[in-house]
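# Structural overview
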Amino acid sequence: MGRRAPRDFASVLDELLAEHGRESDAPHDVHLDYLSVVEELHSGRISITEDGVEAAYRHFAAGRDAAHIPVPSVDPEEIARELGLGDRTKPRELDRLRRDFAFRNHPDRVPEHLRARAIIRMQVANTLIDEAKRRRLRRRKA
């Protein structure tokens with residue numbers, strides 16, 4: 001049995017993609033010295049902050065366009081304003097507000113990077129609507 005010549009990762013990946021009927025997107029003419037990349041990452045010269053990650057993601061999500069992608073608020077007061085909750089809102093209208101909010105904000109309907117935030121927004125909105133319904137029922141009984 002003969003020995004195979006060493007192959008780089010890109011070549012192995014191309015072969016795997018070909019086995020599954022896919023083609024690689026571009027030729028692999030970039031060669032990295034992985035040890036120097038690791039050394040750079042561990043050197044402390046690279047700083048990763050939450051703000052930096054969010055800014056980088058916004059840029060990535062905008063597809064090289066610097067357009068601002070709003071991150072939905074999880075503040076209960078802002079969600080209440082977005083829902084349009086008012087003292088005169090009837091229970092039937094509250095159900096419609098819940099459905100409309102879920103249609104726009106449900107975790108299954110938002111991009112993956114916003115899903116955790118969408119879960120929180122849905123919980124807050126549901127809590128606000130449930131509280132509004134309880135207040136309406138208490139007023140009816142009083």
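For the structure itself, consult the block above.
To start, this report covers the structure provided alongside it. (Residues numbered from 1 in each chain as written. Predicted model: local features only at pLDDT ≥ 70, side-chain atom pairs only at ≥ 80, totals over all residues. Heavy atoms only, no water.)

## A look at a positive patch on the surface
Taken together, the side chains of Arg134, Arg135, Arg138 and Arg139 make up a positively charged region of the molecular surface. Inspection of the secondary structure puts arginine 139 in helix H6 (residues 115-141). For arginine 139, a relative accessible area of 45% translates into the label partly exposed. (Patch = residues over 30% accessible without salt bridge, like charges linked within 9 Å, V, L, I, M, F, W, Y side chains within 5 Å. Areas by Shrake-Rupley, 256 points an atom, 1.4 Å probe, with all protein chains shown as cover. Salt bridge = Lys/Arg side-chain N within 4 Å of Asp/Glu carboxyl O. Lys, Arg positive; Asp, Glu negative; His and termini not counted. Charge placed at Lys NZ, Arg CZ, Asp CG, Glu CD. Helix = DSSP H or I, 4+ residues; strand = E, 2+ residues; numbered from the N terminus. Buried < 20%, exposed > 50% of the residue type's maximum accessible area, 1.4 Å probe, protein only.)

## Details of the packing of aromatic side chains
The final tally for this structure, using the stated rule, is 0 aromatic pairs. In this arrangement the basic side chain of arginine 109 is found over the ring face of phenylalanine 103, its NZ or CZ atom lying 4.0 Å from the centre. (Phe/Tyr/Trp six-rings, centres within 6.5 Å; stacked < 30°, edge-to-face > 60°. Lys NZ or Arg CZ within 6 Å of the ring centre and 35° of its normal.)

## With respect to the packing of helix H4 (residues 76-83) against H6
In the contact formed by H4 and H6, the axes pass within 10 Å of each other and the chain directions differ by 70°. Classified by the interaxial angle, the pair formed by H4 and H6 is roughly perpendicular. Remark: the crossing between H4 and H6 carries right-handed chirality. Residues Pro76, Ile79, Ala80, Glu82 and Leu83 of H4 pack against Arg121, Val124, Ala125, Leu128 and Ile129 of H6. Looking at the contact of H4 with H6 residue by residue, the classes come out as 8 nonpolar, no polar and 2 charged. (Axes fitted to C-alpha atoms, helices over the stretch in contact; angles between N-to-C directions. Parallel < 35°, antiparallel > 145°, perpendicular 65-115°, else oblique. Left-handed = near helix turned anticlockwise from the far one by under 90°. Contact = heavy atoms within 4.5 Å. Nonpolar A, V, L, I, M, F, W, Y, C, P; charged D, E, K, R; others polar.)

## Focus: the nonpolar core
The biggest cluster of nonpolar side chains holds 12 residues, and these are Ile79, Leu83, Leu94, Leu97, Phe101, Ala102, Met122, Val124, Ala125, Leu128, Ile129 and Ala132. Contributing elements (two or more residues each) for this core: H4, helix H5 (91-105) and H6. A total of 6 residues in this core trace back to one element, the largest contributor, which is H6. Apart from the residues lying within four places of it in its own chain, the contact partners of leucine 83 are Leu97, Phe101, Ala125, Leu128 and Ile129. (Core = buried A, V, L, I, M, F, W, Y, C linked by side-chain atoms within 4.5 Å.)

## Some details on the pattern of salt bridges
Per the counting criterion, the structure on display carries 4 salt bridges. Ionic pairing is found between arginine 96 and aspartate 100, a salt bridge with its closest N-O pair at 3.2 Å. Taken together, the positions of arginine 96 and aspartate 100, both in helix H5 and 4 residues apart, correspond to about one turn of that helix. Classification of arginine 96 as partly exposed rests on a relative accessible area of 39%.

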